[in-house]
Amino acid sequence: MKLLFASVLTTAILLASQTGYAAPTDLSALEKAARQEGEVNSVGMPDSWANWKDTWADLASKYGIKHSDTDMSSAQEIAKFLAEKGNASADIGDVGASFGPVAVQKGVAQPYKPSTWDQIPAWAKDKDGNWALAYTGTIAFIVNKQTVKQVPHSWADLLNGHYKVSVGDVGTAAQAANGVLAATYAMGGNEKNLKPGLDFFAKLAKEGRLGLNNPTIATLEKGEVDVGIVWDFNGLNYRDTIDKTRFEVLIPSDGSITSGYTTIINKYAKHPNAAKFAREYIFSDAGQINLARGYARPIRVAKIQLPDDVKAKLLPIAEYKNAHPIADPIAWEKSAKELPRLWQENVMMAMQQ
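Bear in mind the structure is a predicted one, so any value in this text is a computation, not a measurement. (Residues numbered from 1 in each chain as written. Predicted model: local features only at pLDDT ≥ 70, side-chain atom pairs only at ≥ 80, totals over all residues. Heavy atoms only, no water.)

Residues three or four positions apart in an α-helix share a direction because the helix packs 3.6 residues into each turn. Burial of helix α9 (residues 232-242) is extensive: 9 of the 11 residues sit out of reach of the surface. Every buried residue belonging to α9 is among Asp 232, Phe 233, Asn 234, Gly 235, Leu 236, Asn 237, Tyr 238, Arg 239 and Ile 242, and all of these are buried. (Buried < 20%, exposed > 50% of the residue type's maximum accessible area, 1.4 Å probe, protein only. Helix = DSSP H or I, 4+ residues; strand = E, 2+ residues; numbered from the N terminus.)

A few words on the packing of helix α7 (residues 195-206) against helix α13 (residues 329-351). It is the contact of α7 with α13, at a shortest axis distance of 7 Å, that shows an interaxial angle of 30°. When the interaxial angle is binned, α7 and α13 end up roughly parallel. The handedness of the crossing between α7 and α13 is right-handed. Side by side, α7 and α13 meet where Leu 198, Phe 201, Ala 202, Ala 205 and Lys 206 of the first sit next to Leu 339, Leu 342, Trp 343, Asn 346, Val 347, Ala 350 and Met 351 of the second. Classifying every residue of the contact of α7 with α13 by side-chain character gives 10 nonpolar, 1 polar and 1 charged. (Axes fitted to C-alpha atoms, helices over the stretch in contact; angles between N-to-C directions. Parallel < 35°, antiparallel > 145°, perpendicular 65-115°, else oblique. Left-handed = near helix turned anticlockwise from the far one by under 90°. Contact = heavy atoms within 4.5 Å. Nonpolar A, V, L, I, M, F, W, Y, C, P; charged D, E, K, R; others polar.)

Residue-level pLDDT values for the chain average 90, and 92% of them are 70 or greater. The model gives residues 1-25 a pLDDT under 50, and that stretch makes 61 contacts with residues more than four places away or in other chains. (pLDDT = per-residue confidence, 0-100.)

Another point: the pairing of strand β10 (residues 227-231). Burial analysis of β10 places 5 of its 5 residues in the buried class, which makes it a mostly covered element. The pairing of strand β7 (residues 133-144) with β10 spans 5 bridges and is classified as antiparallel. Within β10, the position partnered with Ile 142 by the bridge is Gly 228. Where strand β8 (residues 165-166) and β10 come together, 2 bridges link them in parallel fashion. Counterpart to Ser 166 in the pairing with β10 is Gly 228. (Pairing = 2+ DSSP bridges.)

In this section: the environment of Lys 85. Among the secondary structure elements, Lys 85 is positioned in the loop between α3 (74-84) and β5 (92-96). Along the primary structure Lys 85 and Leu 339 are separated by 254 residues, whereas in three dimensions their C-alpha atoms are 27 Å apart.

Unusually for a residue other than glycine, Ala 50 sits at a positive phi of about 50°. Residue class for Ala 50 comes out buried when judged on its relative accessible area of 1%. Positive phi is not limited to glycine here, since Asn 51 has a value of about 60°. By relative accessible area, Asn 51 is classed as buried at 8%.

Our next topic: the nonpolar core. Of all hydrophobic cores here, the largest spans 110 residues; its most connected members are Trp 52, Tyr 135, Trp 155, Phe 201, Phe 233 and Trp 343. For this core, the leading source of residues is helix α6 (residues 174-186), giving 9 residues. (Core = buried A, V, L, I, M, F, W, Y, C linked by side-chain atoms within 4.5 Å.)

With that settled, the discussion passes to the pattern of salt bridges. Tallied over the full model, the rule gives 10 salt bridges. For Asp 285, the salt bridge identified is with Arg 300, shortest N-O distance 2.9 Å. Highlighted residues: Asp 285 in helix α11 (residues 285-293) and Arg 300 in the loop between β13 (297-298) and α12 (308-311), separated in sequence by 15 residues. (Salt bridge = Lys/Arg side-chain N within 4 Å of Asp/Glu carboxyl O.)

Quick look at the side chain of Gln 288 now. Mapped onto the elements of the fold, Gln 288 is located in helix α11. For Gln 288, the side chain forms a polar contact with the main-chain nitrogen of Arg 300, separated by 2.8 Å. In this structure, Gln 288 is in contact with Ala 134, Ile 282, Phe 283, Pro 298, Ile 299, Arg 300 and Ile 304, ignoring residues within four places of it in sequence. (Polar contact = N/O pair within 3.5 Å; in protein donor to acceptor, adjacent residues only side chain to side chain.)

The next subject is α6. With 13 residues, α6 ought to run about 18 Å at 1.5 Å a step, and its terminal C-alpha atoms sit 18 Å apart, in line with that. Within α6, 13 of the 13 residues are buried, which leaves it mostly tucked inside the rest of the structure. Immediately downstream of α6, the backbone of Gly 188 shows phi near 100°, a positive value. (Expected span 1.5 Å × (residues − 1).)

Take the packing of aromatic side chains next. All told, the structure shown has 16 aromatic pairs when counted by the stated rule. Judged by centre distance (5.1 Å) and plane angle (85°), the ring pair of Phe 200 and Phe 201 falls under edge-to-face. Both residues of the pair, Phe 200 and Phe 201, belong to the buried class. Ring geometry for Trp 231 against Phe 233: centres 6.4 Å apart, planes inclined by 10°, an arrangement best described as stacked. With relative accessibility at 1%, the residue Trp 231 sits in the buried group. (Phe/Tyr/Trp six-rings, centres within 6.5 Å; stacked < 30°, edge-to-face > 60°.)

The residue Asn 41 is located in strand β3 (residues 39-43) in this model. Accessibility expressed as a relative area gives 14% for Asn 41, which makes it buried. Within the structure, Asn 41 has its side chain in polar contact with the side chain of Glu 39 (distance 3.3 Å). Look past the residues within four positions of Asn 41 in its chain and what remains in contact with it is Ser 68, Ser 89, Ala 90, Asp 91, Ile 92 and His 271.

Bringing the pairing of β7 into the picture now. With 12 of 12 residues buried, β7 lies mostly within the body of the structure. The pairing of β7 with strand β12 (residues 256-266) spans 5 bridges and is antiparallel. When the bridges of β12 are listed, Leu 133 appears paired with Thr 262. In terms of strand pairing, β7 meets strand β11 (residues 247-250) through 4 bridges, oriented antiparallel. Among the inter-strand pairings, Val 143 is bridged to a residue of β11, identified as Glu 248.

Below you can see the structure in the form of structure tokens.
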């Protein structure tokens, strides 16, 4: 057995009710309430993403909590919570780091601090417990070696190629938006100045080299993507799932961005205790190792012992020498909101010229 989640059951924590925090109790009370609800419905947490399937399987087999998911982007998740409100069909979602504060601003998140809260870095969590990054990701390239004969190792290499580059839907997906920011860093820009990154993609667009296919496991398998810009954990998962010899995954040597994803618990959740218990499990040793098995670097990686077979799934640490966390989260939050318009005006318009 991996690591026993039951070992934290006696830890004293705050049991969150649907309207906030109740009196201190032990975790077994939350477990009991979650078992009574018996199910948790998520959005943006599919089996193929960061190995969510093992966590959902654990919750079902160990605690009798059934699960269903509807995959969608970060922006779509928040919009769904807001649109449905009291008629909520989803209890919990997983969104990019920049969308955590948006969920709070929109009034669709409710707080829950897992018992491992103190082991989560301050930069990676909301002080009130509305969101906290469970795992990090770094923007990487996934290269189809069947269609790309000279593998690019940097953003500069991409400009010199003759293949198409696919970044995905910059207007709605956190992965795509962070791909633009990573290119911006490499081209000398920052969170306040996205122009270098936008110019980079505009050049690809003018050359007819900006791919319109989202870099997903389906499009990669069909050969519809030459070079995809993805989170490292997605790229490694896609590579190993399709064909390890067909694709190469690497961190661009001239710069990349390390960010992460946070669960948001729907303020209007029909199964709030199951959702909070799911977050508790995600931040436990077992839940963190599950994420690592999906190639994601768990936020508590310094506090847990990863099995050797899990370590072997990850890229060498040397690949990350020029990958940096977002330096100015507040500026990026502002820029990320403007990015869909800037992308349309500077990049998509270039495709029509």
